[in-house]
Structures are given as C-alpha cells and as structure tokens.
Protein chains: 2
Amino acid sequence: MMGNKLVVIGGDAAGMSAASKVRRVQPEREIVVFEKSEYTSYSACGIPYFISGMVPDMEELIARTPKQFRDNYDIDVRTQCEVVAVNTVDKKIKVLNKGNDTTFWQNYDDLLIATGGKAICPDIEGKNAKNVFGISTLKSGEKTERYIEDKNPKKAVIVGAGYIGLEMAEALIIRGLEVTIIDRSEQVMGTLDPDMAEKIAEAIIELGITLHLKEDLKEFEISSNQVVAVKSDKRTISTDMVILGMGTLPNTVFLENSGIELGTKNAIKVNNKMQTNVANVWAAGDCTATFDIVSQNYKHIALGTIANKTGLVAGSNLANEPITFPGVVGTAVTKICDYEVARTGLTEKELKKLNIEYVTGTIKSKTRAGYYPDAEDITVKLLAEKKTGRLLGGQIIGKEGAAKRIDVLATALTTKLTLQNIIDLDLSYAPPFSPVWDPVQTAARYLIKKI
Amino acid sequence: MMGNKLVVIGGDAAGMSAASKVRRVQPEREIVVFEKSEYTSYSACGIPYFISGMVPDMEELIARTPKQFRDNYDIDVRTQCEVVAVNTVDKKIKVLNKGNDTTFWQNYDDLLIATGGKAICPDIEGKNAKNVFGISTLKSGEKTERYIEDKNPKKAVIVGAGYIGLEMAEALIIRGLEVTIIDRSEQVMGTLDPDMAEKIAEAIIELGITLHLKEDLKEFEISSNQVVAVKSDKRTISTDMVILGMGTLPNTVFLENSGIELGTKNAIKVNNKMQTNVANVWAAGDCTATFDIVSQNYKHIALGTIANKTGLVAGSNLANEPITFPGVVGTAVTKICDYEVARTGLTEKELKKLNIEYVTGTIKSKTRAGYYPDAEDITVKLLAEKKTGRLLGGQIIGKEGAAKRIDVLATALTTKLTLQNIIDLDLSYAPPFSPVWDPVQTAARYLIKKI
C-alpha cells in the first residue's frame, strides 16, 4: 500500500490524527487533506472558554496549523476546499475550492472521510441569519466572538440545554449578556437521568440564566436578516443573538449516491477498523456511528476523544499496522458554574428501551475526607443490572474534584465489573483526595443491597 | 452461628467495620470489642493535618466514639483494654484493663483480631523517650500535639522519608519548626521508583526541609529522658523532638504461642475470607498480610482503605454472608506541598526481584487542556510487561488534579488491562479536566512503542 495516495476529507481531530499516524509509519506516502475552513486540528470544545474570555486568544485552541502540517509533516493540507461529491467507482472526489470558487476532481487510492458534524437547526426561516450561531467549528466560534465584539449584544437566546448550550450560557453570562435557554425536553442535559439533571437546572438558574423547559423552537422573528426574537410554542423572547445547542449531525450529505452506507442519524457505518462498506474508503470521528460497548448498539456521539481515537485507529490500519477499536461506553464530562458533571454508560431511559431490568442508587459523599478543608459535596448515582449486579451506568455531580472519578466507572463498564468488583477496587485514599471509601465505592456499597 | 459471642480485638477501622457489619446483619448477637486506647474508629491518616492545624480539632478525626457504638449499635466497646494473650484451645483471651491495672480472661465463640500496626523504631536507647513520637494511633497524634503546644519545640528530626515522614515534615514546617529528615535508603518514598522520588525530594528541599539520604539512625543522645540529638552514621543533629516515619509493623507480639500463623513481617496469615489457620479466629486490617494481585504475593501494607475493606469482608463472613476479598494492587496517594503523588502496582525494583521482563515510559502532560487556565504539570510513569504489554504499575506526580488519575490505573491493574486497552478506554474529557488524551493514555501511547 506504500506510495499510494491517501486523500483525507476534513482537517480536524480525526482526519489529522489519521494523517499524522500514516506519516509517522510511512514517511514517503503521498497524503492530501482537504479542509473546508482555514483551520486544522483545533479544540472545538474550547470555544466556550474562548467566548467567555478565559482563553484570551483563539490561536491557543489550535494544536497545529495547516502550515505546520505542510512544513513539518509533509502533509499536503489544502484549506478552504470543500468536498462536494465522492465517486467510489472511479475512486475520485469532487472538490470545491472556495478561494477561487472553482471545482475539480481529485483521485485517491485510499480515502478517509473525517468531515465531522454540524450544529442542528430546525428548517425554519432565519436559520441562516447573521446572528444565529452554531458552535461546532472554530470558524463558528470566531464568528460568534466577532459578533459580540462588534455588535455588543445585550441578550442571547440559547436553543438547547445540552453540554454546548449550557457551556455557552455560562460564557455569555460572564460576558455580561442576559441569557435565556429554551429546550423542548423536560430536563436539561438529556444524557443524564432527570433526577441528576434537576441539580444542574438549579445551578443554572442560580447563575441568573432564564430556563424554559418543555418549550419548542417554532419561529425566528427576522428584521434586516437578523433574528430579533425567538418564538417558542409558549412565548416570544426578544434577543440580539441565537446560539444553537441542539446537538450536531454528521456532515454526510455530500455522500448521497456514493454507495457509502450510512447508519443512525446518517452517520457513516464503519467496522472496528474504521472501514466503510466500500473498498478503500475509511471514515473516522464525528461523521461516523460509534459502537457502544454497554448497549451493543451504534450511536452518533460527537466528541473529541472519540474523534482522536478513531482517527488514530483509521491511520494505523491505513498504514498497515492493523488495530481495532472496541467502541465506547458513553463517557462525558463538563463544568457548569462550580458544578462538575460527568456521566458514563446507560441512562434509565435507555435501559427501559432495552428492556434491561436494573436498579439505581444515589448517594451523597465528599470529595475529600470530611474533616479536611474544602471537602466538597459529591453526588454519585449508579445503575446496575438487577440480576447480576453488573454496572450499567454512572452519573456524578459535585464541586471541585468530583467529576474525574467517572473514569473509574468508565473503566469498570469497559471491563464489565459488578458492584462487588467496584467495592473491592484498590482505589487511592488520603484525606486531601477522598473519604476512606471513595464516593463511587460508597455508591456501590449502597446499591448492592438492592441486588 | 447467631447468638454466639463475637469478640473483637481492636476498635479502629478494621475491627469496627467488622463489628458494625455483623450488627447490621445479626441484631441480637453479642459483640464485645477490646480497644487499648480511649478511641475508636478514627482516621490515623488525618493526624498530620491535625498537627499542621488544618484540622483544628482532634475530635474531627473520630468517626464514631465508643459511646456511640455502645448506644447506637449495641456494641460493647471496652476501651483501655489491651489483649495480652490468646488461648485458641480454650477459646479465650487475656485482657489487661489499663484503667485499674488488672487482668482477666474473656471467652469467645468467634474472635476477630484487628490490632493494627505500630510505628517501627530500632531497638536503641531512648526509643521510649518522652519526645519520640510514632504517628500510628490517635493517641500518638494527641501526644505529639500536646508536646508541641506545651514545650514549643524549635527543631524536629524525622526518621524515615516515607508517606508519614513527609506528611509530618510538612505539618511541622507549617507549625514553624526547623525540620530535618534522615532516611537510610537512597531515595525518599521507597514505594516509588527513584526517578519519580527524585522530584519529591526536590519539592521537600524547596519547602525548607533538610534532607539527608543514605544515613542510618544510630543513636539517640539523651538528657533527662529527652532525646536532645539524633546521631546518624554521618552526623549529629540536635533536636527538640523525634518523629518516627520508618513504617509500621503489625501488632502481633501478643499472639506468640497462640498457634495463629504469621507471615511476612509477622503479619497474620489470612485466607480470602479473612480466616486465620485456627478455627473461629479471624483477622483484618493492618495486623494482617494482604494479597497483592499483581505480584501474587503477600505483603504487609498498613492502609485505611484495606483495613476498612478487610474488616467488612471479615464482618460479612462472620455474619454468615459469605464474601471473599480479592486483594489489592498497591495503590497509595499523598500530597506533599503542592505536589500530589500517587502510585499503584509494582516498582522496577519489585519487577527485577520477580524476574519479570518489563518496559517503562514516563511522559509529561497537563491536568487540563493546555490552553485552559491553571493547567498544571503532571508526570506519569507506566510499567508494563515487555512480552504482552500488560500494565504492571503506574506512578503519578503533579499538581492539583493529578493524583486521582491513579485510580484508572488501579482498576486497569485489577482487570489485567494492556497498554492498548488503556489507550482504548473511554475516559472523560473536557477542557477544565484533561487534555483530549488523558495523561494516563498519553503515557500508554508512549510506552506501547516499546512493546
């Protein structure tokens, strides 16, 4: 395979992880990357912290620039080049050069699709208005920041109370805006169980954010190509800007008629080597469906960790170093105000859908020994299979030092541990770090009584 | 077995965990606990923080008092009662009531030995001097504090640079003393590899502590029953007090001729149910030998986590709820100045002794995304089996947020994960918590190249 032309579509985490891996193994191989924006390898997760001002310079979010890839890695990165079609029969792709508005066809021997995701927006008038911002790419972050700087907006409406919606809400509050969040579901953070999400909702309201749940976005009120109000099924909220926090969908529209099979939410179906159904076509990152080890189902999860891992797996295989990706367990973490929030595994809603009989238990503990200064509250909820006691999920909310404990539960899910196994784990203890029973073990000790 | 008399020797973590568990399951059973001090269920690990003043009141270190156990749990706790002999043939123990200096025999149906450990001191003149303090019991902590309050010492010598020695050194520096540590080995913290221990030594010296390594305690210079100087093989250090930080040994001298089998360092041999070789005699906590899952050997490890767990296991079995203890992987954590230090698994020294061919890799990373404020340095060292890539150990040094990551490695050791498995773990990521590859995964990615 050495010497064959590798073409990568998308120059962010997955695409550049793969390209870099191939370059390390195959120094002579031709590698071309088409990226529709001007940026490569950036941290989209960092955008809210750039908007809030915690990260003063957007450049800091960029791990490596196109020039660095060209100069130091000999990877031919072509920015402002959007791939608009794939012909898998003739092994070529159609590229729109946005710099000069021309298109051309590019052949490949191996193709890696790593086009990421796009912020969801319902198909309503005004969705492309100048003051509506999705936060899925660095460019969108840059636009948002420029708008705030230039127009000095006073009010923002955020549609969607998931991770990005809440992180952006906090960022905008810090910037002095009046923030309203609407979400059509009954709770914030749909990936948490409602009882845990409730605590986050309280924290958000305490921060001065107006929260309207069970309200669906119906319409944008437009004036001079700007949204001036957001209408839900219950009210009209005047605003100077709109943030879309309704999640992302994979960027796969351009694959229509390519023969490349799509799965859940039109994410690209890949095997555990990151191969699609078409020979010599690979995919990785937010544009693909990810195997969930706990439910044994495929999901669409847009996360930098998965993009980096699957990019590396694709790159290894493309470079003839065979490797497989076992999948994920659904781990995620965020920080809202002083609250750290983390989750892994399945929620009650998912377990019900899967007809798995489960038990749950929630405990309160401390992040340090109770007598140690700054011991903070931590709440841990565990979900386990009723019959076997096997861990099925975990959720943590707490202050400084709480959330990273989710990693023990994520590892436990991966290795199929039971509650008893978790109780037996030799976790670290000293007064500055934990009570003598780590809170995740205290939760396991509590829940095991229901098995 | 219900209704039989359970006698417990030792009223701290292991003994009271067991007694409480039995009480919960068997509300009617007679339970008697003999404790030689005045205290039950306290956090010996908290003593340095009490000495430093971070924990203002010693009472805060006590989870439950003898009175609480008597009143709320119907457990007959008898303090100031030291057990001096065990007759396993007649199933009785000899108790010294230190309150009135009388002895009596007490029969048992089941006996649990949970006598903990005792600070090691070489057998030299002055070892019982008034200003020599071991920090293995709450009473010793109380004595130390009272001495500092009453005598206002200016200088302290700490013998031993392990966890307790270093924690006490920091505490005494905070109290304004001039502190010198001597240790006969070539490094501080013998449970770390020398390259990692070196970083801690630097931090200690930076704190203003005088550190003399490769110096053996030879003699105490005594005046009026007080140590006035500590003599090593290299120098004489004048001092107002001495702290023993040379580790602990199991309190098992009273078991001589009892027929109860002892193992490594005279720790009591127990099976995975915490049964000794003698029928109806059980043991748990710091007085027992603990099975190490990684090396498959027994070790003596005095730690609150293990005492609590083995106490619970003993209690469950005593209460006819059969359960086994799988052992430990050697996890420990501490905080010295701003440095968090954690370790799990085997060190290079141990691996050499076991003739296991291994590879090691050390990486530097950050505790948060590099661009996020207060991203701190973290150094992770991993040890893995050369042939299989299986994790064998891990050591972490870093600032705020570094150390608790050891728990992922501890879980990985327990479940026998390889470096590739660690790379694949779905660990949590968001900019306030971690780089996109958690530092333990970055270390695994680095080390796997040597497999």
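Thresholds, definitions, all that
- Residues numbered from 1 in each chain as written.
- Chains lettered and ligands numbered in written order.
- Predicted model: local features only at pLDDT ≥ 70, side-chain atom pairs only at ≥ 80, totals over all residues.
- Heavy atoms only, no water.
- Pairing = 2+ DSSP bridges.
- Helix = DSSP H or I, 4+ residues; strand = E, 2+ residues; numbered from the N terminus.
- Axes fitted to C-alpha atoms, helices over the stretch in contact; angles between N-to-C directions.
- Salt bridge = Lys/Arg side-chain N within 4 Å of Asp/Glu carboxyl O.
- Buried < 20%, exposed > 50% of the residue type's maximum accessible area, 1.4 Å probe, protein only.
- UniProt positions renumbered as here; feature names shortened; annotations may be inferred.
- Expected span 1.5 Å × (residues − 1).
- Arc of directions from axis to C-beta.
- Domains from an automatic or database assignment.
- Contact = heavy atoms within 4.5 Å.
- Buried area = accessible area lost by both parts, 1.4 Å probe.
- Polar contact = N/O pair within 3.5 Å; in protein donor to acceptor, adjacent residues only side chain to side chain.
- Phe/Tyr/Trp six-rings, centres within 6.5 Å; stacked < 30°, edge-to-face > 60°.
- Lys NZ or Arg CZ within 6 Å of the ring centre and 35° of its normal.

Draft legend 1. Geometry of the sheet that holds strand β25 (residues 391–398) of chain B. Residues and elements named next belong to chain B. Here we have five strands laid out as an open sheet, ordered β21-β22-β25-β24-β23, and antiparallel in their pairing. Each of the sheet's edge strands pairs with one partner strand only, and the pair in question is β21 (332–336) and β23 (358–366). Each adjacent strand pair in this sheet contributes to an overall mean axis angle of 10°, direction not counted. Inspection of the sheet shows strand β24 (residues 377–385) paired to β25 by seven bridges, in the antiparallel sense.

Draft legend 2. Up close: the pattern of salt bridges. All names here are of chain A. Within this structure, the stated rule accounts for 47 salt bridges over all chains. One salt bridge in this structure joins Lys-98 and Glu-82, with 3.7 Å as the shortest N-O distance. Here Lys-98 is found in the loop between β5 (92–97) and β6 (102–107), whereas its partner Glu-82 is found in strand β4 (residues 81–87), with 16 residues between them in sequence. The exposure class of Glu-82 is partly exposed, given its relative accessible area of 27%.

Draft legend 3. Summary view of the UniProt feature "domain: Pyridine nucleotide-disulphide oxidoreductase dimerisation" (unreviewed entry) in chain A. In the UniProt entry, the feature "domain: Pyridine nucleotide-disulphide oxidoreductase dimerisation" (unreviewed entry) is given for residues 333–436 of chain A. Counted over residues 333–436 of chain A, helix gives 20% and strand 36%. Its end C-alpha atoms are 24 Å apart.

Draft legend 4. Representation of helix α6 (residues 194–206) of chain B in the model. Residue and element names in this part refer to chain B. Between its first and last C-alpha, α6 extends 18 Å over 13 residues, near the 18 Å set by a 1.5 Å rise per residue. Within α6, the full set of buried residues consists of Met-196, Ala-197, Ile-200, Ala-201, Ala-203 and Ile-204. In a view along the axis of α6, the buried residues occupy a sector of 160°, so they form one face of it. Pointing more than 90 degrees away from the buried face of α6 are the exposed residues Pro-194 and Glu-206. Immediately downstream of α6, the backbone of Gly-208 shows phi near 100°, a positive value.

Draft legend 5. Inspection of the pairing of strand β21 (residues 332–336) of chain A at higher detail. All names here are of chain A. Extensive coverage of β21 is indicated by the burial of four of its five residues. Bridge count for β21 against strand β22 (residues 339–345) is five bridges, and the pairing is antiparallel. What sits directly across from Ala-332, in β22, is Arg-343.

Draft legend 6. Molecular detail of the domain arrangement of chain A. All names here are of chain A. Looking at chain A, the domain boundaries give domain 1 (6–118 + 249–318), domain 2 (121–246) and domain 3 (333–450). Contact residues are listed per partner, giving 15 residues for domain 2 and 19 residues for domain 3. A combined buried area of about 1,500 Å² lies between domain 2 and domain 3, and 66% of that area is made up of carbon and sulfur atoms. Taken together, domain 2 and domain 3 are joined by two salt bridges. The interface formed by domain 2 and domain 3 holds seven residue pairs in polar contact (both at pLDDT 80 or more) in total. Elements that contribute at least two residues to the side of domain 2 that touches domain 3 include exactly α5 (163–174) and α6 (194–206). No other element matches the six residues that α6 contributes to the side of domain 2 that touches domain 3.

Draft legend 7. Geometry of helix α4 (residues 138–151) of chain A. All names here are of chain A. End to end, α4 covers 20 Å across 14 residues, agreeing with the expected 20 Å (1.5 Å per residue, within 8%). Among all positions of α4, only Leu-138, Ser-140, Gly-141, Glu-142, Thr-144, Glu-145, Tyr-147 and Ile-148 are buried. Taken together, the buried residues of α4 touch α2 (47–52), β9 (132–134), α5, β14 (226–232) and β16 (241–244).

Draft legend 8. Seen up close, unusual backbone geometry. Residue and element names in this part refer to chain A. Despite not being glycine, Lys-265 shows a phi value in the positive range, around 55°. For Lys-265, the position within the fold is in the loop between β17 (248–250) and β18 (281–283). Its identity as a non-glycine residue notwithstanding, Gln-296 has a phi of 60°, on the positive side. Structurally, the position occupied by Gln-296 is in the loop between β19 (290–292) and β20 (297–299).

Draft legend 9. Fine view of the interface of chain B and chain A. Each partner contributes to the interface: chain B provides 62 residues, whereas chain A provides 61 residues. Summed over both partners, the interface of chain B with chain A comes to about 5,200 Å²; 65% of that surface belongs to carbon and sulfur atoms. Per-residue buried area on chain B facing chain A is highest for Tyr-371, Asp-426 and Phe-433 of chain B; these three make up 15% of the total on that side. At the surface where chain B touches chain A, the tally comes to two salt bridges. Close ionic contact of Lys-404 of chain B with Asp-438 of chain A constitutes a salt bridge, the shortest N to O distance being 2.7 Å. One can count 20 residue pairs in polar contact (both at pLDDT 80 or more) joining chain B with chain A. Looking at the side of chain B that touches chain A, the elements with two or more residues in it are α7 (304–318), β21, α9 (406–414), α10 (419–424) and α11 (439–447) of chain B. Per-element accounting of the side of chain B that touches chain A gives the leading share, seven residues, to α9 of chain B.

Draft legend 10. Focus on the environment of Thr-180 of chain A. Residue and element names in this part refer to chain A. Inspection of the secondary structure assignment puts Thr-180 in strand β11 (residues 178–183). Once the C-alpha coordinates of Thr-180 and Val-380 are considered, the two residues, 200 residues apart in sequence, prove to be 29 Å apart. If near-sequence neighbours (up to four positions away) are discounted, Thr-180 is found in contact with Ala-156, Val-157, Ile-158, Thr-210, His-212 and Ile-237.

Draft legend 11. Just the side chain of Thr-379 of chain A, in detail. As for its placement among the helices and strands, Thr-379 of chain A is situated in strand β24 (residues 377–385). For Thr-379 of chain A, the contacting residues outside a window of four places in its chain are Met-196, Lys-199, Thr-362, Ile-363, Lys-364, Gln-395, Ile-396 and Ile-397 of chain A.

Draft legend 12. Highlighting the packing of aromatic side chains. Within the structure shown, the criterion is met by 10 aromatic pairs over all chains. Each ring, one from Phe-133 of chain A and one from Tyr-147 of chain A, has its centre 5.3 Å from the other, and the planes form 50°; the classification is tilted. Linking Phe-133 of chain A in strand β9 with Tyr-147 of chain A in helix α4, this pair joins segments that are 14 residues apart in sequence. The exposure class assigned to Tyr-147 of chain A is buried, which follows from its relative accessible area of 11%. Across the ring face of Trp-437 of chain A, the terminal group of Arg-445 of chain A is positioned such that the distance to the ring centre comes to 4.4 Å. In this structure, Lys-92 of chain B packs its charged tip against the face of Trp-105 of chain B, placed 4.7 Å from the ring centre.

Draft legend 13. Quick look at the UniProt feature "domain: FAD/NAD(P)-binding" (unreviewed entry) in chain A. Here, UniProt's "domain: FAD/NAD(P)-binding" (unreviewed entry) annotation points to residues 5–295 of chain A. Along residues 5–295 of chain A one finds 23% helix and 29% strand; the C-alpha atoms at either end are 37 Å apart.

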